[in-house]
Amino acid sequence: MEEMAREECCRSVCPLANCQVRLDHSQLLVHLISEHLVETPGVSFGLRMRQVESGERTLLPLAPQQLIVGQDHCLCLLNWAGNGSRNLAMPQCRLPLSYRSLTGHLPVLVMVRRIPWPALPSSSTLHEDNKMRYLYVLWLAAPATRRPVTARLGFLNRELHCSLRVRRQLRNFDSPMEFNKYLLGADRNYLTLSERQLQQMCCQNDSGCFLEVVILGVPN
Ligand SMILES: [Zn+2]
């Protein structure tokens, strides 16, 4: 009984919306492949998956108006080849034969959530501009790593002009988001943008934009 309780405490809830399965961090990839790679009832869409090296650029279409408010969306699963360090993270286990080459990769989920203003904590001081109706929060969720892994997030408009590039750290998927932390801008994991900021940068006329994700690796 004690052993079961201990095992349960080391498991984390799947980062995808509407999935409450608790997972060991070494089983995230096999779970995503078996449960979310194709269209899954209750989950917003089938997962897109890509294998990337350090410094490799991935462009993901982002249509902010289409995001369901208050729900976590996964734009893509990036299997990062790592930085050559074998003990950076636990290997992904129990993979089907055709995916075994990803055992030493780190599965990184590109996540976004659209939040309405009324859902924000009342202590927030960010209400000055009444015209802003939503916040967009972006982050990268991954199994725990022994050292922090850095990535670059960028926004490009439809003409592929870049408006913003920032660095953020991958976030361990084992704990829920803390609103106050990232609203104060003190968090290394989240990128928070208002609707107006997003529109000014790249989403005028609701045409959508591209999110650029580059996993940089472990800083020296
Ligand atoms: Zn799941």
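Conventions adopted
- Sequence order as written defines residue numbering, which begins from 1 separately in each chain.
- Local features are withheld for residues below a pLDDT of 70 in this predicted model, meaning they are given only at 70 or higher, and side-chain atom pairs are given and counted only at 80 or more; totals for whole chains, interfaces and linings count all residues.
- By convention in this description, side-chain values take in all heavy atoms of the structure and omit both hydrogens and water.
- Any N, O or S atom lying within 2.8 Å of the metal counts as a donor, with the limit raised to 3.2 Å for Na, K and Ca; because water is left out of the atom set, some sites can appear incomplete.
- Here a site with four donors is tetrahedral if all angles are between 85 and 135 degrees, and a site with four or six donors is square planar or octahedral if opposite donors are over 155 degrees apart and the other angles are between 65 and 115; anything else gets the irregular label.
- Strands here mean DSSP runs of E at least two residues long; helices mean DSSP runs of H or I at least four residues long; both are numbered from the N terminus.
- We call two residues in contact whenever any of their non-hydrogen atoms come within 4.5 Å of each other.
- On a range of 0 to 100, pLDDT expresses the predictor's confidence in each residue.
- Aromatic pairing here means that ring centres of Phe, Tyr or Trp (its six-membered ring) are within 6.5 Å. Orientation follows from the plane angle: under 30 degrees is stacked, over 60 is edge-to-face, and everything else is tilted.
- Residue exposure (1.4 Å probe, protein chains only): buried if accessible area is under 20% of the type maximum, exposed if over 50%, otherwise partly exposed.

> Even after reading the chapter, I still don't get the coordination of the zinc ion, so can you show me in this structure?
The textbook angles at a metal center are 109.5 degrees for a tetrahedron of four donors and 90 or 180 degrees for an octahedron of six. Bound to the zinc ion are the protein donor atoms Cys 14 (SG), Cys 19 (SG), His 31 (NE2) and His 36 (NE2), situated 2.0 to 2.3 Å from the metal. Here the zinc ion binds 4 donor atoms, and the angle range of 102 to 114° at the metal identifies the geometry as tetrahedral. Donor residues for the zinc ion sit on one chain with the sequence pattern C-x4-C-x11-H-x4-H. Of this pair, Cys 19 sits in the loop between strand 1 (12–13) and strand 2 (22–23) while His 31 sits in helix 2 (residues 28–36), and the two are 12 residues apart along the sequence.

> What should I look at first to understand the environment of Trp 139 in this one?
By secondary structure assignment, the location of Trp 139 is in strand 7 (residues 134–142). C-alpha separation for the pair Trp 139 and Val 110, spaced 29 residues apart in sequence, amounts to 6.3 Å. When residues no more than four places from it in sequence are discounted, the contact partners of Trp 139 are Asp 72, Leu 109, Val 110, Met 111, Val 112, Arg 113, Arg 171, Met 177, Asn 189 and Tyr 190.

> Please explain the confidence of the model for the protein as it appears in this structure.
Low-pLDDT portions of the prediction should not be read for the details of their coordinates. When pLDDT is averaged across the protein, the result is 82; 78% of the residues are at 70 or more. For residues 1–8, every residue scores under 50 in pLDDT, and the model assigns this stretch 1 contact once sequence neighbours within four places are set aside.

> What exactly am I supposed to notice about the packing of aromatic side chains here?
Any two aromatic rings considered together are summarised by their centre-to-centre distance and by the angle between their planes. Summed over the entire model, instances satisfying the criterion amount to 1 aromatic pair. Taking the centre distance of 5.8 Å and the plane angle of 70° together, the rings of Trp 139 and Tyr 190 count as edge-to-face. One end of the pair, Trp 139, is in strand 7; the other, Tyr 190, is in the loop between helix 3 (179–183) and strand 11 (191–194), and 51 residues separate them in sequence. In this structure Trp 139 comes out as buried when scored by relative accessible area, which is 6%. Overall, the relative accessible area of 4% leaves Tyr 190 in the buried class.

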